[in-house]
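# Geometric and topological summary
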Amino acid sequence: SAFDVVIQISRMVDGSRRVTHVTEVLRMESDIVTLQEIFSCKPLGGAAGSHYDRPVPTGIRPQFAGKLADAGVTIPPESFDPGPAQYRLATVSGGRQA
């Protein structure tokens, strides 16, 4: 119950680090943690460890979006729609980036 999201950062072959996955932690059943991927990146050129493309939404709206809204942070629903138009970060309330 302490974590809502896991952000994975991977080291690229050139030594730089990039966000490669954004995953929501849903629940724990016994010793099994249930996760769902919200954003993912694919390696450019298909080679693991190479540079990655920008994070792309998987089409799943996270359940923790309600907690963000309660805290005054609103994220437009279209931010979670998959597709080429989503190769940008959504602007959230207050001019911050999500």
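Let me sum up the structure you'll find in this document. (Residues numbered from 1 in each chain as written. Predicted model: local features only at pLDDT ≥ 70, side-chain atom pairs only at ≥ 80, totals over all residues. Heavy atoms only, no water.)

## Some words on the overall build of the protein chain
Counting its regular elements, the protein chain contains 1 helix and 4 strands. Along the chain direction, N to C, the helices and strands of the protein chain fall in the order β-β-β-β-α. Within the span of the protein chain, comprising 98 residues, buried residues form 26% of the whole. Of the accessible surface of the protein chain, which amounts to about 6,600 Å², a share of 56% is contributed by carbon and sulfur atoms. (Helix = DSSP H or I, 4+ residues; strand = E, 2+ residues; numbered from the N terminus. Buried < 20%, exposed > 50% of the residue type's maximum accessible area, 1.4 Å probe, protein only. Areas by Shrake-Rupley, 256 points an atom, 1.4 Å probe, with all protein chains shown as cover.)

## Description of a nonpolar patch on the surface
A cluster of nonpolar residues, I7, I9 and V19, forms a patch on the protein surface that exposes about 260 Å² of accessible area. Mapped onto the elements of the fold, I9 is located in strand β1 (residues 5-11). (Patch = residues over 30% accessible without salt bridge, like charges linked within 9 Å, V, L, I, M, F, W, Y side chains within 5 Å. Salt bridge = Lys/Arg side-chain N within 4 Å of Asp/Glu carboxyl O.)

## Some details on the side chain of E24
Along the chain, E24 turns up in strand β2 (residues 17-29). One buried charged residue, E24, remains without a salt bridge, the closest side chain of opposite sign being K67 at 7.9 Å. Within the structure, the side chain of E24 is placed 3.1 Å from the backbone nitrogen of F64, a separation counted as a polar contact. Apart from the residues within four sequence positions on either side, E24 is in contact with D4, V5, T34, L35, Q36, I38, P62, Q63 and F64. (Lys, Arg positive; Asp, Glu negative; His and termini not counted. Polar contact = N/O pair within 3.5 Å; in protein donor to acceptor, adjacent residues only side chain to side chain. Contact = heavy atoms within 4.5 Å.)

## Structural notes on the packing of aromatic side chains
Here the structure, examined in full by the defined rule, presents 1 aromatic pair. Ring geometry for F39 versus F80: centroids 6.0 Å apart, planes at 45°, classification tilted. Separated by 41 residues along the polypeptide, F39 in strand β3 (residues 32-40) and F80 in the segment after α1 (65-70) bring together distant segments of the chain. Both residues of the pair, F39 and F80, belong to the buried class. (Phe/Tyr/Trp six-rings, centres within 6.5 Å; stacked < 30°, edge-to-face > 60°.)

## Digging into the sheet that holds β1
Spatially, the 4 strands line up as an open sheet ordered β1-β2-β3-β4, and their pairing is antiparallel. In this open sheet, the two edge strands, each paired with only one partner strand, are β1 and β4 (56-57). As judged from the 7 bridges shared by β1 and β2, these two strands associate in the antiparallel manner. Opposite R11, over in β2, you have R17 as the bridge partner. (Pairing = 2+ DSSP bridges.)

## Structural notes on the pattern of salt bridges
Taken as a whole and assessed by the stated rule, the structure comprises 2 salt bridges. With a closest N to O distance of 3.1 Å, D4 and K67 form a salt bridge. Of this pair, D4 sits in the segment before β1 while K67 sits in helix α1; the two residues are 63 residues apart in sequence, bridging distant segments of the chain. The class of D4 is partly exposed, set by a relative accessible area of 28%. Here R27 and E29 are joined by a salt bridge, their closest N and O atoms 2.9 Å apart. Using a relative accessible area of 45% as the deciding quantity, one classes E29 as partly exposed.

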